[in-house]
2 protein chains.
Amino acid sequence: MTHQRRAIVSILGELQSFQSAQEIHALLKERGETIGLATVYRYLARMVKSGDVDVMNREDGESVYMRCSRQHHHHLACRRCGRAIEIGGPAIEQWAEQLAAQHGYTDVTHALEIFGVCPDCAESGGDTR
Amino acid sequence: MTHQRRAIVSILGELQSFQSAQEIHALLKERGETIGLATVYRYLARMVKSGDVDVMNREDGESVYMRCSRQHHHHLACRRCGRAIEIGGPAIEQWAEQLAAQHGYTDVTHALEIFGVCPDCAESGGDTR
DNA sequence: GTAAGTGCAAACGGTTTGCAGCCTC
DNA sequence: GAGGCTGCAAACCGTTTGCACTTAC
């Protein structure tokens, strides 16, 4: 446990929104942490593998990260600030499985992401991203 | 209408699977077409904008393209060969909209992709990708 | 003839990696 | 003291772009 990891864990604990590795790195820098971008990437990747963090591909292709519950779920995420709400749609899961089976597809996974603009961002108007 | 475009259109007409720009470029080269990678990217981007081609983000992050029907739909795609089946789930659309509205999110879009291994690929065993 | 399209190669942006040094236990 | 972790900078990879040349009409 290095202070860099402590810092990442701590900031992930505070954020309730998806942020990119670079954004997380910038936030840590702002707080005066000494940490390299590579370390952020490396540790995030490790946490993704261990299941402690969720990755999601933003519409622009950049990967964004957020601490998450371990069970399978999807997200309703704000396109501007990244604020996300976990959603579970048992019906969807079932439907996808069944549909795939119908066509003979095996080893099925699915990716579902809902993007919108959250109330706060909508109110504050045309923020970037 | 240049011969390069004709070639791209022609190959898109034959493929019933999602392929990346680089894969499409390689296929064209194999056929002896003289065409640059940049041209493939440029023309694919144009067709995406005009709605004649669908893009999809493969799990590895690379963008893959396929000629598609114009109306909104999703895909069940083979993880190995890219073969895809169009699916439309009115129930999903509705559910996503409603869920987003419930949480006050506006300007809602969603991305749903189902990945699996198609019967042919499953049969032929451990092909790469 | 002219405007649009093309190829090349360089630029780009996010991400990964090799390696030498540093820190934690 | 030893192994793992870190930072830096370079490498990577898919994609985009500037620019001079070519092509289709």
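Scroll up to find the structure.
Residues numbered from 1 in each chain as written. Chains lettered and ligands numbered in written order. Predicted model: local features only at pLDDT ≥ 70, side-chain atom pairs only at ≥ 80, totals over all residues. Heavy atoms only, no water.

### Comments concerning the pairing of strand 4 (residues 74-78) of chain B
Side-chain direction in a regular strand flips from residue to residue, so the side chains alternate between the two faces of the sheet. Residues and elements named next belong to chain B. Selection criterion: Each residue is assigned to one of three classes by its accessible area relative to the maximum for its type, calculated with a 1.4 Å probe on protein chains only: buried under 20%, partly exposed between the two thresholds, exposed over 50%. Only DSSP runs of H or I covering at least 4 residues are called helices, and only runs of E covering at least 2 are called strands; the numbering of each starts at the N terminus. Pairing between two strands is assigned when DSSP locates at least 2 bridges connecting them.
With five of five residues buried, strand 4 lies mostly within the body of the structure. Here strand 4 shows a buried face lined by His74, Leu76 and Cys78 and a second buried face lined by His75 and Ala77. As judged from the four bridges shared by strand 4 and strand 5 (residues 84-87), these two strands associate in the antiparallel manner. Each bridged residue has a counterpart across the sheet, and for Leu76 the counterpart in strand 5 is Ile85. From the end of strand 4 to the start of strand 5, which pair antiparallel, there are five residues, and Gly82 there has a positive phi angle of about 85°.

### Digging into the interface of chain B and chain A
This is how it is decided: Contacts were defined at the residue level, with two residues in contact if any of their heavy atoms lie within 4.5 Å. The term buried area means the drop in 1.4 Å probe accessible area that two parts suffer when joined, counted for both and summed. A side-chain nitrogen of Lys or Arg and a carboxyl oxygen of Asp or Glu constitute a salt bridge if their distance falls within 4 Å. In protein, a polar contact means a hydrogen-donor-capable atom and an acceptor-capable atom, both N or O and within 3.5 Å, with residues adjacent in sequence counting only if both atoms are side-chain atoms; elsewhere, any N or O pair within 3.5 Å suffices.
Across the boundary between the two partners, chain B contributes 33 residues, which contact 33 residues of chain A. A buried area of about 2,700 Å², summed over both sides, lies between chain B and chain A, and 65% of it is on carbon and sulfur atoms. Linking chain B with chain A are two salt bridges. The residue Asp107 of chain B makes a salt bridge to Arg79 of chain A at a minimum N-O spacing of 3.3 Å. For the interface between chain B and chain A, the tally reads 12 residue pairs in polar contact (both at pLDDT 80 or more).

### Let's talk about the protein's contact with DNA strand C
To keep it simple, the criterion reads: Summary of the distance rule: residues count as near a molecule or strand when at least one heavy atom falls within 4 Å of that molecule or strand. Side-chain classes are defined by residue name, with Ala, Val, Leu, Ile, Met, Phe, Trp, Tyr, Cys and Pro counting as nonpolar, Asp, Glu, Lys and Arg as charged, and the others, Gly among them, as polar.
Around DNA strand C lies a shell of 17 residues, among which Tyr41 of chain A together with Thr2, Gln4, Gly36 and Thr39 of chain B are the nearest. With respect to DNA strand C, the backbone of Ile35 of chain B contributes an N or O atom lying 3.4 Å from a phosphate oxygen. In the environment of DNA strand C, a phosphate oxygen lies 2.4 Å from a nitrogen or oxygen atom belonging to the side chain of Thr39 of chain B. For the surface near DNA strand C, the secondary-structure elements that each account for two or more residues are helix 3 (37-50) of chain A together with helix 1 (3-14) and helix 3 (37-50) of chain B. Residues of the surface near DNA strand C, tallied by class, amount to five nonpolar, seven polar and five charged.

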